[in-house]
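# Overview (structure and organization)
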Amino acid sequence: MNEAGNTSQTLQRGLDLMEAVARGDSSLAALATATGLSQSTAHRLARVLVARNYFVPVSRAGYRLGPSALRIGFQARRQLDLVRTARPLLEALAAKTGESVDLAARQGDAAMVLDRAAGQSRILVLRPIGERLPLGAHALGAVLASEPARFPLPLSAEGAISAPDSSDPTVRCIAAPVFGGDGTIAAAIGISGVAERRDPAVERAFAQAVAETAMALARLLGWDDPRR
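Structure report, in brief. The shown structure was predicted, so the numbers you read here are calculated from the model rather than taken from an experiment. (Residues numbered from 1 in each chain as written. Predicted model: local features only at pLDDT ≥ 70, side-chain atom pairs only at ≥ 80, totals over all residues. Heavy atoms only, no water.)

## Some points on the overall build of the protein
The test is simple: Helix and strand definitions follow DSSP, with helices as H or I runs of at least four residues and strands as E runs of at least two, each counted in order from the N terminus. Each residue gets one of three labels from its accessible area relative to the maximum for its type: buried under 20%, exposed over 50%, partly exposed in between, using a 1.4 Å probe on protein chains only. The criterion used for residue contact is that any of the two residues' heavy atoms lie within 4.5 Å. For the area figures, the Shrake-Rupley method with a 1.4 Å probe applies, and any residue is considered shielded solely by the protein chains shown.
When helices and strands are counted, the protein shows six helices and eight strands. What you see in the protein, going N to C, is helices and strands ordered as α-α-α-β-β-α-β-β-β-α-β-β-β-α. Per-residue burial over the protein gives 44% buried out of 228 residues. Expressed as a percentage of contacts within the protein between residues at least 6 apart in sequence, the contacts between residues at least 24 apart total 53%. Carbon and sulfur atoms make up 53% of the accessible area of the protein, which amounts to about 12,100 Å² in all.

Below, the structure written as structure tokens:
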């Protein structure tokens, strides 16, 4: 098996162990039985997960999930709540502009698409949910990489970022930040479409619509502008 295959198999085994511990299989013997691994392999992988704080060893009992696993779980729940809250607003923005609308959040050095609403335009730019966009290559990424103070409040068309898609210069995205309850940028909303279809008046109207949608979602998430 090549290196990529070995890495993939190791990752799958590690995830199998995490799922087994989450189900309540804590002892090394129980983990080996649940995953079909030998106890030596299960122990080796568990040591790595302990070192990364995904597992915590429990004396004479085996393992339980650690703080890293809990942090990912909380983040997943937060993103799920974000998607549920945002969905009606994304659909309304798509209906208003006719363009496809993306909701993204920062994940490391990329913007990850969490949800999408398709518009009614004849030519749509559709991004798969889960796609990762480099922060410097897209308006969504530019928003997520910015400091909150960079955006004038109340957020308006001037606060939205309009930029071409680096992977397709015919496509332009307009994005605006969604502030969380703590005042940080929790997500970004953007609309993408073929740039040649937009004159300056349409571009400004779309930017205003994106900004208003982002502000509406921020308020639903508990944000209150401290600079008012």
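## Things to note about the layout of surface pockets
Just so we agree on the cut-off: Cavity means a closed set of points on a 1 Å grid over the protein atoms alone, one where a 1.4 Å probe fits but cannot get out, pocket means an open set with protein on both sides within 12 Å along at least 5 of 7 lines, and lining means a residue has an atom within 4 Å of a point. Grid points are joined across faces, edges and corners, and a volume is the space filled by probe spheres set on the points. Following the grouping adopted for this structure description, the nonpolar residues are Ala, Val, Leu, Ile, Met, Phe, Trp, Tyr, Cys and Pro, the charged ones are Asp, Glu, Lys and Arg, and the polar ones are all others, Gly among them.
Quantified by volume, the second largest pocket comes out at close to 220 Å³. As for the second largest pocket, its lining consists of Thr10, Leu11, Gly14, Leu15, Met18, Arg44, Leu45, Val48, Leu49, Arg52 and Tyr54. Listed by contribution, the elements that provide at least two residues to the lining of the second largest pocket are helix 1 (3–23) and helix 3 (39–51). For the lining of the second largest pocket, the per-class residue count stands at seven nonpolar, two polar and two charged.

## Comments concerning the pairing of strand 4 (residues 110–117)
The cut-off we apply is this: For two strands to be treated as a pair, DSSP must find no fewer than two bridges joining them.
The element strand 4 is largely enclosed, with a buried count of seven among its eight residues. Here seven bridges tie strand 3 (residues 100–107) to strand 4, and the two strands are oriented antiparallel to one another. Looking at the pairing, Gln107 lines up with Ala110 of strand 4. Where strand 3 folds back on strand 4, the antiparallel hairpin that results is connected by two residues, among which Gly108 adopts a positive phi of roughly 65°.

## Focus on unusual backbone geometry
Look at the link from Leu153 to Pro154: it is a cis peptide, with omega at 0°. Residue placement: Pro154 occurs in the loop between helix 5 (139–144) and strand 6 (161–165). Positive phi, close to 65°, is recorded for Asn53, a residue that is not glycine. With respect to the helices and strands, Asn53 occurs in the loop between helix 3 and strand 1 (55–58). Positive phi is not limited to glycine here, since Arg60 has a value of about 60°.

## A few points about the sheet that holds strand 6
In any sheet, the strands associate via hydrogen bonds between backbone groups, in a parallel or an antiparallel arrangement. Put simply, the test is: To obtain each axis, a line is fitted to C-alpha atoms, and for helices this fit is confined to the stretch in contact; angles are then taken between N-to-C directions over 0 to 180 degrees.
Ordered by their spatial adjacency, six strands build an open sheet running 5-4-3-8-7-6, and the pairing between neighbours is antiparallel. With partners counted over all chains shown, the strands left at the sheet margins are strand 5 (132–134) and strand 6, one partner each. Between one strand axis and the next, the sheet turns by 35° as a mean value, whatever way the strands run. Helix-sheet contacts for helix 6 (residues 200–220) involve strand 3, strand 6, strand 7 (168–179) and strand 8 (185–194), and the interaxial angle to strand 7 is about 35°.

## Observations concerning helix 2 (residues 28–35)
The condition that has to hold: Arc definition: directions from the helix axis to the C-beta atoms.
Taken as a whole, helix 2 has its buried residues at Leu31, Ala32 and Thr35. All buried residues of helix 2 lie within an arc of 100° about the axis, which places them on one face of the element.

## What to know about the packing of aromatic side chains
Selection criterion: Aromatic contacts are taken between Phe, Tyr and Trp rings whose centres are within 6.5 Å, Trp giving its six-membered ring; a plane angle under 30 degrees counts as stacked, one over 60 as edge-to-face, and the others as tilted. Charge-over-ring placement is defined geometrically: NZ (Lys) or CZ (Arg) within 6 Å of the ring centre, and within 35 degrees of the ring normal.
Under the counting rule described, the total for this entry stands at two aromatic pairs. On the numbers, 5.7 Å between centres and 35° between planes, the contact of Phe55 with Tyr63 is tilted. Here Phe179 and Trp223 contribute two aromatic rings whose centre-to-centre distance is 5.1 Å and whose plane-to-plane angle is 25°, an arrangement assigned as stacked. Highlighted residues: Phe179 in strand 7 and Trp223 in the segment after helix 6, separated in sequence by 44 residues. A relative accessible area of 7% places Trp223 in the buried class. Its end group placed over the ring of Phe151, Arg150 keeps NZ or CZ at 4.7 Å from the ring centre.

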